[in-house]
Amino acid sequence: MIIINARFLTQPISGVQRFGIEISKIVKKQLKDQVCFVTCPGVIHIELFKELEAKIIGVNKSHLWEQLDLFAYLLRNKNPLLVSFGYTGPLFYKNQIVSIHDVAFKYHKESFSKSFALVYNYLVPRIAKKCLHVFTVSEAAKKEVVKELKLPSQKVSVVYNGISSLFKKAEKIPLKEMSVKPYILTVSSHHPRKNYERLIEAFNMLNDTEIELYVIGNYVGHFSKTVETKPNKNIKFLTNITDKQLVAYYQNAELFVFPSLYEGFGIPVIEAMSQHLPCVISDIPVFKEIGDESVIYVNPKDVDSITQGIIKGLNIGNKIQYYPKLEQFTWENSANKVVKILKNFL
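Residues numbered from 1 in each chain as written. Predicted model: local features only at pLDDT ≥ 70, side-chain atom pairs only at ≥ 80, totals over all residues. Heavy atoms only, no water.

**Student:** Is there a simple way to think about the overall build of the protein chain in this case?
**Tutor:** Helix and strand counts for the protein chain stand at 12 helices and 13 strands. The globule rule puts the C-alpha radius of gyration for 346 residues at 20 Å, and the 20 Å found for the protein chain is close to it. If you line up the protein chain on its principal axes, its C-alpha atoms span 65 × 40 × 35 Å. Out of the 346 residues belonging to the protein chain, those deemed buried represent 57%. A fraction of 67% describes how many contacts in the protein chain between residues 6 or more apart in sequence connect residues 24 or more apart. Summing over all exposed atoms, the protein chain offers an accessible surface of approximately 15,700 Å²; the carbon and sulfur share of this is 53%. Mean positive and mean negative side-chain charge positions of the protein chain (44 and 32 charges, respectively) differ by 8 Å. (Helix = DSSP H or I, 4+ residues; strand = E, 2+ residues; numbered from the N terminus. Rg over C-alpha atoms; globule rule 2.2 N^0.38 Å. Buried < 20%, exposed > 50% of the residue type's maximum accessible area, 1.4 Å probe, protein only. Contact = heavy atoms within 4.5 Å. Areas by Shrake-Rupley, 256 points an atom, 1.4 Å probe, with all protein chains shown as cover. Lys, Arg positive; Asp, Glu negative; His and termini not counted. Charge placed at Lys NZ, Arg CZ, Asp CG, Glu CD.)

In structure tokens:
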């Protein structure tokens, strides 16, 4: 029996939770009764909870649940293989595989709340050393995980993020609430390393009242601060957007811009690529890995570089016909790799 730590069922969806959700759905179909999903109280994704046939164990929540309730559950059930898709699991449990999506908790400590940075910098390196194997989401991330956590390279496997099936449908979804103005789109949670402040400054430098900037993403409590900007009626912050609405926002945009300072992968980039949007993205290693010659790379620390990238992107006019690298970023490919690795440890 394989136990999946499904604490992502209690969390708002960002890239980490999306990885856990999409991989879990396919693993459930492939392994059927060989896999059991367990989570703590406080489930917010009810339909997914039912789809995975998950069960709630224990009384605690968050990290305390992993260290006490989940750990006790595993010991009572003869130490089965545990898989945790979101960085952490029981500290003193060796028979587990964890996913470490990046090492932002080391490189950008100032971006997180003090308590979050403290917990992750204590738990993650120790769990990584003790566990059987580690998943990460790109070759760039693997290089950093191996270096910073001092792991042997063979202990870490790259399992790429993928594109939801919603993004693969050909029909265009109309946006009923859409402005009459064209708009530039960016998508991510409100994290300082997403570089929103420079993006907004770059957008303001366009001095173009005929185009808007849509910023889609939710505020997340463990980040140390949120974006602070001067009011601009052409900048719209959109939260609690459904997956179907998100697809529509991509489809109806003129340009996608993502000048992040640091990423382990960057799911919004491949989502935008799947909708044939011109993409203006940071000149950072992971984006060179997942992007190709069709994207526009900018220096994320240089506002003028971002502005010029936006101008160049808007001047493309037509949507990009094809991004060759997209074919490798599927949840099916990634889940198949996960299942193959899991079977090696049974």
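Having put the structure on the table, let's press on.
**Student:** What is the right way to read the nonpolar core from this model?
**Tutor:** Taken as a class, soluble globular proteins show a tendency for nonpolar side chains to be buried jointly. Grouped together as the largest cluster of nonpolar side chains are 70 residues, with contacts concentrated most on Leu9, Ile23, Leu185, Tyr250, Phe256 and Leu342. Counting residues in each nonpolar core, the second largest holds 22 residues, with Val103, Ala117, Val156 and Tyr262 among its members. (Core = buried A, V, L, I, M, F, W, Y, C linked by side-chain atoms within 4.5 Å.)

**Student:** Even after reading the chapter, I still don't get helix H8 (residues 243-252), so can you show me in this structure?
**Tutor:** Each α-helix turn comprises 3.6 residues. Residues three or four places apart therefore point the same way. Counting buried positions along H8 yields seven of 10 residues, so the element is predominantly enclosed. The complete set of buried residues in H8 reads Leu246, Val247, Ala248, Tyr249, Tyr250, Gln251 and Asn252.

**Student:** Where do I start with the sheet that holds strand E3 (residues 55-56) in this structure?
**Tutor:** Strand pairing in a sheet is mediated by backbone hydrogen bonds. Such pairs are either parallel or antiparallel. Read from one edge to the other, the open sheet built from seven strands follows the order E3-E2-E1-E4-E5-E6-E7, with strand pairing classed as parallel. Edge positions in the sheet fall to E3 and strand E7 (156-158), since each has one partner strand and no second. Across three bridges, the pairing between strand E6 (residues 133-136) and E7 is parallel. If you follow Phe135 over to E7, its bridge partner there is Ser157. Docked against the sheet, helix H1 (residues 15-31) engages strand E1 (2-5), strand E2 (35-39) and strand E5 (96-99), running at close to 145° with respect to E2. Against the sheet, helix H12 (residues 331-344) makes contact with E1, strand E4 (81-84), E5, E6 and E7, and its axis sits at roughly 175° relative to E6, the strand it touches most. (Pairing = 2+ DSSP bridges. Axes fitted to C-alpha atoms, helices over the stretch in contact; angles between N-to-C directions.)

**Student:** I'm lost on the pairing of strand E12 (residues 279-282) in this one. Help?
**Tutor:** Regular strands place side chains that alternate from one sheet face to the opposite one. Pairing of strand E11 (residues 255-258) with E12, which is carried by three bridges, proceeds in the parallel orientation. Bridging from a neighbouring strand, Val257 pairs with Val280 of E12. Regarding topology, helix H9 (residues 267-274) serves as the crossover connection from E11 to the parallel E12, and that connection is right-handed. Of the strand pairs in this sheet, E12 and strand E13 (residues 296-298) are connected by three bridges, and their pairing is parallel. Bridge pairing in E13 places Ser282 opposite Val298. (Right-handed = clockwise from strand over helix to strand, strands pointing away.)

**Student:** Whenever I open this one, helix H6 (residues 139-149) confuses me. Can you help?
**Tutor:** Every buried residue of H6 is listed here: Ala140, Ala141, Lys142, Glu144, Val145 and Leu149. Against the buried residues of H6 lie helix H4 (104-107), helix H5 (114-130), E6, E7 and helix H10 (285-290). Downstream of H6 by one or two residues, Lys150 has phi in the positive range, about 55°.

**Student:** Just to check I follow, could you spell out the packing of H1 against H12 for this structure?
**Tutor:** In helix packing, the relevant descriptors are the interaxial angle and the interaxial distance, both defined with respect to the helix axes. Look at H1 against H12: their axes get within 9 Å of each other, and the N-to-C directions meet at 65°. The interaxial crossing formed by H1 with H12 has right-handed handedness. Judged by residue contacts, Arg18, Phe19, Glu22, Ile23, Ile26, Val27, Gln30 and Leu31 of H1 engage Trp331, Glu332, Ser334, Ala335, Asn336, Val338, Val339, Leu342 and Lys343 from H12. Residues belonging to the contact of H1 with H12 are distributed by class as follows: 10 nonpolar, three polar and four charged. (Left-handed = near helix turned anticlockwise from the far one by under 90°. Nonpolar A, V, L, I, M, F, W, Y, C, P; charged D, E, K, R; others polar.)

**Student:** Got a minute to help me understand the sheet that holds strand E9 (residues 212-216) in this structure?
**Tutor:** The sheet built from six strands is open, its strands ordered E10-E9-E8-E11-E12-E13 with parallel pairing. Here the strands that pair on one side only, and so sit at the sheet edges, are strand E10 (235-238) and E13. Sheet twist, expressed as the average angle between the axes of neighbouring strands with direction ignored, equals 25°. Running over the sheet, H9 touches strand E8 (183-187), E11 and E12 and is turned about 165° from E11.

**Student:** Quick question: what am I supposed to make of the pattern of salt bridges here?
**Tutor:** For side chains bearing opposite charge, pairing can occur when the charged atoms are close. Scanning the entire structure with this criterion turns up 10 salt bridges. Between Glu66 and Arg7 there is a salt bridge, with the nearest N and O atoms lying 3.2 Å from each other. Remark: Arg7 occurs in the loop between E1 and H1 and Glu66 occurs in helix H3 (residues 62-76); sequence separation between them is 59 residues. Among the ionic pairs, Lys194 bridges to Glu263, the shortest N-O distance being 2.6 Å. In this pair, Lys194 is assigned in the loop between E8 and helix H7 (196-206) and Glu263 in the loop between E11 and H9, connecting sequence segments 69 residues apart. Its relative accessible area of 10% is what places Lys194 among the buried residues. On the accessibility criterion, Glu263 (10% relative accessible area) is buried. Through salt bridges that share partners, Arg18, Glu22, Lys25 and Asp243 make up one connected network. (Salt bridge = Lys/Arg side-chain N within 4 Å of Asp/Glu carboxyl O.)

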